[in-house]
Amino acid sequence: MESIKVALLGFGVVGSGVFNILQDNKEKIESHIQKRIEIKKILVRDIEKARGANAPKEMLTKDINDIVNDPEIDMVVELMGGIGKAYEYMKIAIENKKHIVTANKALIATHGDEIYKLAVENGVQIRYEASVGGGIPIINTLTQSLAANNVDEILGVINGTTNFILTQMDEQGMDFDDAVKLAQDSGFAEADPTSDIEGEDVAFKLSILMSVAFGIKVPPHKIPREGITKISSKDIEFANQLGYKVKLVAAAKKKGDDLEFHVQPSFLPIDHPLASIKNEFNAVFIKGNAVGELLLHGKGAGSTPTGSAVLGDMLEIAKIIGTNYKPGAPLVHNGGDLNLIGEGVSPYYVHLHVEDKPGVLGKITSAFGKHNVSLKSVIQRSRGEKTVPLIFITYDTPRKDLDDAIEEIKNTDAVIRVESILRVES
Ligand code: NAP
Ligand code: HSE
C-alpha cells in the first residue's frame, strides 16, 4: 500500500487529537483511501514536554528544516496557531511543494489569499476545514455540497468559549467573571480568553465563511464587532422574560444587492434554530436559494472534534497525491456586485437604569423619536424602588441613529446609566 508521509507543525490540543485518531481509526482510514498515512516528523518548541499523545521521541523536532527539506514529506499540517511563525513556515513548505492542511483561522482570514495564490503557483493543495466550527464540516459543505446554491444568509454561533459562558450565565445564574473562570477551569477557554470574549475569534471565522459562501473578501478588522464583556445576568434574565436567548452571533445576510455582516451579542427568538445551541457547542444556520434552510450543529472545539476535521482534509489530499489532479482556482472573490454595508439596520434591545419619577419616560421616548428611532415596546419591570431598569425594544433602525439617540438620553436628567444595547435578530 502506498504511504503518504506527513509532518505536523504543532503537537498540542489539535495535533495530539490528529495523532490519536490516526492511530485509533487506522484500518478505517486505510481501507477508505487505499493508502497509508504516516506521520514522519512533528515540529514543537519543547521536546521534553508531556503530550496528549504518545509519539516516539525521535519523531519530534525543533527545526523546521527537518521537515521542509525532507523530499519524502508530501503534506504539512499546520497546528501551531498564531500568524508570525505559522505563516513563515507555511510559505516555505508550499515553496518546497508540500500540500497544506491548517486549522488556523487567524492565518487564513488574514493571509488566505496570498497563501492560496502561492499554493496554486506551486501546484499544491491547501485545505482549512477545521478553521471554522471545529468538528462541523462547514467549509466543505459550502464549497462542495452546496456549490450549486446562491447563499442568501449565514448565521452562526461559532465560538465555544463565549457560548459556554453565556449558557452558564443563563442556566446557572452566574455572573460574567465566574462563568469565564468556569470556562477556563473546564478547559474550554484559554488562559487569555481575550480573542474569544471580544469577538475577534468569531470575526476571523466570519471572514472565512463570507469568502467561501459569497465569494467576498472582508478582512476581519473591517467586520463590525462587539464581544460579550458588557452582558450582565440582568440582560439574560430580561431576554428570557421577553422570549429570547442571548448568543454571540456571526451574521452575513444578503438584502437585495446589499450584504450585511457583523459579529454581535444578540437576542435570538427562543424558537430560532440557534437559540437552543448550548455550552461549547457551535452551529451554523444557512439559507441557500436551492436547498432552503440548513443547520449544522456540533462540537466547535476540542482535540478529537477538531482533529476529525483536520483528518478529513488530510484524506482528501492523500487521495489526489500521485494523480494528475491540479488544484482549482484560488479562493474566488467574485461577489463583486454586492454592496458591503456592514451592520445595516436591525431592531435593538436597550437597557437603561433610571430614577423612577414622573416625566422620565416621556423625555426618553421623545429623544428616540427625535433621532428617528421607532419603539416597539417599553417595559419597566419593578416599581417602588428609587431607581429601576427600563427596557426598550426598537423597530429596525440604523445603529448610527440609535447611538445619536442614546447620546442624548445619557445626558437626560434622571437617566443614571445605559446598561446595554443588544441587537435583536428576527
Ligand atoms: P496548542 O495546544 O497551543 O498547541 C500548539 C502547538 O504548536 C504546541 O505543540 C506548540 O509546541 C507548537 N508551537 C507553537 N509555536 C511554535 C513554534 N514557533 N515552533 C514550533 N512549535 C510551535 O494549540 P491548539 O489548541 O492545538 O490549536 C492549534 C491550531 O488549531 C490553532 O490555529 C487554533 O486556532 C486551531 N484550532 C484549535 C481548536 C481547539 O479546540 N483547540 C479548534 C479549532 C481550531 P509546544 O507544545 O512544544 O509548546
Ligand atoms: N477558542 C475557540 C472557541 C476554539 O472557543 O470556539 C475554536 O476555534
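Residues numbered from 1 in each chain as written. Chains lettered and ligands numbered in written order. Predicted model: local features only at pLDDT ≥ 70, side-chain atom pairs only at ≥ 80, totals over all residues. Heavy atoms only, no water.

- Going by an unreviewed UniProt entry, the protein chain carries the name Homoserine dehydrogenase and comes from Peptoclostridium litorale DSM 5388.
- UniProt lists a comment for the protein chain under the heading Catalytic activity (unreviewed entry), and it reads "L-homoserine + NADP(+) = L-aspartate 4-semialdehyde + NADPH + H(+)".
- One UniProt comment on the protein chain, placed under Cofactor (unreviewed entry), says "a metal cation". (UniProt positions renumbered as here; feature names shortened; annotations may be inferred.)

## Some details on the packing of aromatic side chains
Aromatic ring pairs: the centre-centre distance and the angle between the two ring planes describe each pair.
Here is step 1: All told, the structure shown has four aromatic pairs when counted by the stated rule.
Here is step 2: Measuring from ring centre to ring centre gives 5.6 Å for Phe-11 and Phe-19, while their planes differ by 65°; the resulting arrangement is edge-to-face. Of the two residues examined, Phe-11 and Phe-19, each falls in the buried class.
Here is step 3: Ring centres of Tyr-244 and Phe-267 lie 5.3 Å apart, and the angle between their planes is 45°; this geometry places the pair in the tilted category. With a gap of 23 residues between them, Tyr-244 in strand E8 (residues 244–255) and Phe-267 in strand E9 (residues 258–269) connect regions that are remote in the sequence.
Here is step 4: What links up through ring pairs into an aromatic cluster is the set Tyr-244, Phe-267 and Tyr-349.
Here is step 5: If you follow Lys-91 out to its NZ or CZ, it ends over the ring of Tyr-87, 4.1 Å from the centre. (Phe/Tyr/Trp six-rings, centres within 6.5 Å; stacked < 30°, edge-to-face > 60°. Buried < 20%, exposed > 50% of the residue type's maximum accessible area, 1.4 Å probe, protein only. Helix = DSSP H or I, 4+ residues; strand = E, 2+ residues; numbered from the N terminus. Lys NZ or Arg CZ within 6 Å of the ring centre and 35° of its normal.)

## Comments concerning the site of ligand 1
Here is step 1: Lining the immediate surroundings of ligand 1 are 22 residues, of which Phe-11, Val-14, Asp-46, Arg-51 and Gly-302 lie closest.
Here is step 2: Take Lys-49: an N or O atom from its side chain is 2.9 Å from an oxygen atom of ligand 1.
Here is step 3: Protein contacts shield 80% of the accessible area of ligand 1, which totals 900 Å² for the unbound molecule.
Here is step 4: When its residues are assigned to classes, the shell around ligand 1 shows 10 nonpolar, six polar and six charged. (Near = heavy atom within 4 Å. Polar contact = N/O pair within 3.5 Å; in protein donor to acceptor, adjacent residues only side chain to side chain. Areas by Shrake-Rupley, 256 points an atom, 1.4 Å probe, with all protein chains shown as cover. Nonpolar A, V, L, I, M, F, W, Y, C, P; charged D, E, K, R; others polar.)

## Description of the domain arrangement of the protein chain
Here is step 1: Along its sequence, the protein chain is carved into domain 1 (3–135 + 303–320), domain 2 (138–299) and domain 3 (345–424).
Here is step 2: Once you take the C-alpha centre of each, domain 1 and domain 3 turn out to be 51 Å apart. (Domains from an automatic or database assignment.)

## Here we look at the UniProt feature "active site" (unreviewed entry) in the protein chain
Here is step 1: Under the feature "active site" (unreviewed entry), the UniProt entry names Lys-205.
Here is step 2: Beyond its immediate sequence surroundings of up to four residues, Lys-205 is in contact with Lys-105, Ser-131, Val-132, Ile-158 and Asn-159. (Contact = heavy atoms within 4.5 Å.)

## Some remarks on the UniProt feature "binding site: L-homoserine" (unreviewed entry) in the protein chain
Here is step 1: The positions that UniProt labels "binding site: L-homoserine" (unreviewed entry) are, in the present scheme, Glu-190.
Here is step 2: Topologically, Glu-190 is positioned in the loop between helix H8 (176–185) and helix H9 (194–197).
Here is step 3: On the basis of relative accessible area, Glu-190 is assigned to the exposed category, the value being 55%.
Here is step 4: In this view, Glu-190 contacts Gln-184 and Asp-196; residues no more than four positions away in its chain are not counted.

## Details of the sheet that holds strand E2 (residues 36–43)
Here is step 1: What the six strands build is an open sheet, ordered E3-E2-E1-E4-E5-E6; its pairing is parallel. If you trace the sheet from one side to the other, it starts and ends with strand E3 (60–61) and strand E6 (126–127), each paired once.
Here is step 2: Both strand E1 (residues 3–9) and E2 contribute to a ladder of seven bridges, which runs parallel. Residue Ile-4 lies in a different strand from E2, and its bridge partner there is Ile-37. (Pairing = 2+ DSSP bridges.)

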